[in-house]
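Observations on chain architecture
Next come the chains, spelled out residue by residue.
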Amino acid sequence: MIRRNPRGDWPRVAESAFVDPTAIICGLVIIEDDVFVGPYAVIRADETDEAGNLEPIRIGKGTNIQDGVVIHSKSGEPVTIGSNTSIAHRSIIHGPCTIGDEVFVGFNSVVFNCTVGNGAAIRHNSVVEGCHLPAGFHVPSTTTVHSDSDLAGIPQVTIDVTAFSEHVARTNVGHARDYRKLRNDF
């Protein structure tokens, strides 16, 4: 469902994107080319700052927003998700937040008030808030990060451990195209 917010902002969804009919896209949301938004996702840009200003939630080209993901922000703060990024089932991305290109956020993870560098991976059931996650950094499953100083205690993993994240991201890039084809069959 595509709807305006109380301020009157309507989402802008690229023609080549696919938004599942059960998803809710509300307000100042910009969805770029070839984005897939799965069932029951909620992307809502509707809270303004005290002056009535609102920054957009922007989803970059080729990104995959899986089932049940929630993306929101407080007090008009921006949320930017880069290109070819995969946000897995039931994750929460809460702004202010910037997530780079080719990032993987695993199932049920929470990302709040942080910057995530290009190529980083946040594995399943993790909480990452209030930090600057460097490019290529990998957060293991069930890890909690509350500040930049917490990053020093996280052992980095080998490429074998990251293969799942990269496979999911590659697999899901074509979802927007494939589901648009199905939509045209009805």
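Residues numbered from 1 in each chain as written. Predicted model: local features only at pLDDT ≥ 70, side-chain atom pairs only at ≥ 80, totals over all residues. Heavy atoms only, no water.

Our focus in this paragraph is the overall build of the protein chain. The secondary structure content of the protein chain amounts to two helices and 20 strands. Counting only residues that meet the buried cut, the protein chain has 46% of its 186 residues in that class. Counted over contacts in the protein chain with a minimum sequence separation of 6, partners at least 24 positions apart contribute 25%. Roughly 8,800 Å² of accessible area belongs to the protein chain as shown, and the carbon and sulfur atoms make up 53% of that amount. (Helix = DSSP H or I, 4+ residues; strand = E, 2+ residues; numbered from the N terminus. Buried < 20%, exposed > 50% of the residue type's maximum accessible area, 1.4 Å probe, protein only. Contact = heavy atoms within 4.5 Å. Areas by Shrake-Rupley, 256 points an atom, 1.4 Å probe, with all protein chains shown as cover.)

To continue, consider the nonpolar core. Counting 39 residues, the largest nonpolar core has Val 37, Ile 71 and Ile 93 as its most contacted members. Of all elements in the fold, only strand S5 (29–31), strand S7 (42–45), strand S8 (57–59), strand S11 (79–81), strand S13 (92–99) and strand S15 (110–116) reach the threshold of two or more residues within this core. Sequence-distant contacts of Ile 93, that is, excluding residues within four places in its chain, are made with Val 70, Ile 71, His 72, Val 79, Ile 81, Ile 87, Ile 99, Val 105 and Val 111. (Core = buried A, V, L, I, M, F, W, Y, C linked by side-chain atoms within 4.5 Å.)

Once that is clear, we can look at the packing of aromatic side chains. For the structure shown, the criterion picks out one aromatic pair. On the numbers, 5.9 Å between centres and 10° between planes, the contact of Phe 18 with Phe 36 is stacked. Of this pair, Phe 18 sits in strand S3 (residues 18–19) while Phe 36 sits in strand S6 (residues 36–37); the two residues are 18 residues apart in sequence, bridging distant segments of the chain. (Phe/Tyr/Trp six-rings, centres within 6.5 Å; stacked < 30°, edge-to-face > 60°.)

Before going further, it helps to examine the pairing of S13. Where strand S10 (residues 70–73) lies against S13, four bridges are found, and the strand directions are parallel. Looking across to S13, one finds that Val 70 is bridged to Ile 92. When S13 meets S15, the two strands line up parallel, connected through six bridges. Counterpart to Ile 92 in the pairing with S15 is Val 110. (Pairing = 2+ DSSP bridges.)

It is worth spelling out the state of the cysteines at this point. Taken as a whole and assessed by the stated rule, the structure comprises zero disulfides. Cysteine Cys 97 remains unbridged, with the sulfur of Cys 114 as its closest cysteine sulfur at 4.2 Å. For Cys 97, a relative accessible area of 3% translates into the label buried. Assessed through its relative accessible area of 5%, Cys 114 is described here as buried. (Disulfide = S-S within 2.5 Å.)

Per the stated rule, a full pass over the model turns up three salt bridges. One salt bridge connects Asp 9 with Arg 7, and the closest N-O pair in it is separated by 2.7 Å. The exposure class assigned to Asp 9 is buried, which follows from its relative accessible area of 15%. Taking the relative accessible area as the measure of exposure, Arg 7 reaches 40% and is therefore partly exposed. Notably, a salt bridge pairs Arg 58 with Glu 32, separated by 3.7 Å at the nearest N-O pair. (Salt bridge = Lys/Arg side-chain N within 4 Å of Asp/Glu carboxyl O.)

The next subject is the pairing of S7. Each regular strand displays side chains that alternate between the two surfaces of the sheet. Residues Ile 43 and Ala 45 point to one face of S7 and are all buried, whereas Val 42 and Arg 44, pointing to the other face, are not buried. Bridge analysis of strand S4 (residues 24–27) against S7 gives four bridges, and the strand direction is parallel. The residue bridging Ile 25 from the neighbouring strand is Ile 43, located in S7. The pairing of S7 with S10 spans three bridges and is parallel. The residue of S10 that forms the bridge with Ile 43 is Ile 71.

This brings us to the side chain of Ser 91. For Ser 91, the location among the structural elements is in the loop between strand S12 (86–87) and S13. Each residue touching Ser 91, except ones within four places of it in the same chain, is listed here: Gly 68, Val 69, Val 70, Val 105, Gly 106, Phe 107, Asn 108 and Ser 109.

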